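These are the residues of each chain, in order.
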Amino acid sequence: MITSDKGRFSKKDIERMVSEAERYKAKDEAEAARIQSKNALKSYAYNLRNSISDEKLAGKFDPADKAKHETAINDAIGWLDSSQEASKEEYDDKQKELELVAGQIMQKLYGATNAAG
């Protein structure tokens, strides 16, 4: 009987590949988390941009608040465009900054809307 091991990996090769996979797993997970933070910031910024353009809300913003909101959104989008390789923490921090500005303005808007309605 003749058998051929041609095309098969040796036990040593398999162990090496498993070791490499484990080594790169943490790096891959960190990169996935970084990309998720980047995408979350991008989505948040564009959703905010759409909200200030929404016909139902556009006329309800105080002009100064709307300008502040637009500036914060445009700054975040511009930063995203120029910071493609930023860290997860940098993306998270930028989103928190944007959430702070937007949260204050939206809270003010909805407070005024609820008081009027």
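See the structure printed just above.
Below: a short report on this structure. (Residues numbered from 1 in each chain as written. Predicted model: local features only at pLDDT ≥ 70, side-chain atom pairs only at ≥ 80, totals over all residues. Heavy atoms only, no water.)

## A word on the overall build of the chain
Rules: In DSSP terms, a helix is any run of H or I states spanning at least four residues, a strand is any run of E spanning at least two, and both are numbered starting from the N terminus. The cut-offs for exposure are 20% and 50% of the maximum accessible area for each residue type, with area from a 1.4 Å probe on protein chains only; residues under the lower value are buried, those over the upper are exposed, and the others partly exposed. The Shrake-Rupley method, run with a 1.4 Å probe, gives the accessible areas here. Residue values count only the displayed protein chains as cover.
A tally of regular secondary structure across the chain gives 4 helices and 0 strands. The helix and strand sequence of the chain, counted from the amino end, reads α-α-α-α. The buried share of the chain, taken over its 117 residues, is 25%. Surface summary for the chain: the accessible area is close to 8,700 Å², and the carbon and sulfur share equals 52%.

## Concerning the nonpolar core
Our working rule: Buried Ala, Val, Leu, Ile, Met, Phe, Trp, Tyr and Cys residues that are joined via side-chain atoms within 4.5 Å together make up what is termed a nonpolar core. We call two residues contacting when some pair of their heavy atoms lies within 4.5 Å.
Judged by nonpolar contacts, the single largest core of 20 residues is most densely connected at Leu41, Phe61, Ile73, Trp79, Tyr91 and Leu98. Contributing elements (two or more residues each) for this core: helix H1 (11-53), helix H3 (63-82) and helix H4 (88-116). For this core, the element with the most residues is H4, which contributes 7 residues. Apart from residues no more than four positions distant in its own chain, Tyr91 is found in contact with Arg34, Ser37, Lys38, Leu41, Trp79, Leu80, Ser83, Gln84, Glu85 and Ala86.

## Considering the side chain of Ser51
What counts is decided by this rule: A 3.5 Å cut-off defines polar contacts: any pair of N or O atoms within that distance qualifies, except that in protein one atom must be a possible hydrogen donor and the other a possible acceptor, and neighbouring residues in sequence count only when both atoms are side-chain atoms.
Its place among the elements puts Ser51 in helix H1. A polar contact is formed between the side chain of Ser51 and the backbone oxygen of Leu48, at a distance of 2.7 Å. Ser51 has contacts with Leu57, Phe61 and Met106, leaving out every residue within four places of it along the chain.

## Some points on the packing of H1 against H3
The description of two helices packed together rests on the angle between their axes and the distance between the axes. Using the following cut-off: Between N-to-C directions, angles cover 0 to 180 degrees, with each direction set by a line fitted to C-alpha atoms, over the stretch in contact for helices. Angle categories: roughly parallel below 35 degrees, roughly antiparallel above 145, roughly perpendicular from 65 to 115, and oblique for all the rest. For any pair of crossing helices, the crossing counts as left-handed if the nearer helix is rotated counterclockwise from the farther one by less than a right angle, and right-handed if it is rotated clockwise.
Viewed as axis vectors pointing N to C, H1 and H3 meet at an angle of 150°, and their least axial separation amounts to 10 Å. By the angle between their axes, H1 is roughly antiparallel relative to H3. Pair H1 / H3 crosses with left-handed handedness. Along its contact with H1, which presents Lys38, Leu41, Lys42, Ala45, Tyr46, Leu48, Arg49 and Ile52, the element H3 presents Lys66, His69, Glu70, Ile73, Asn74, Ile77, Trp79 and Leu80.

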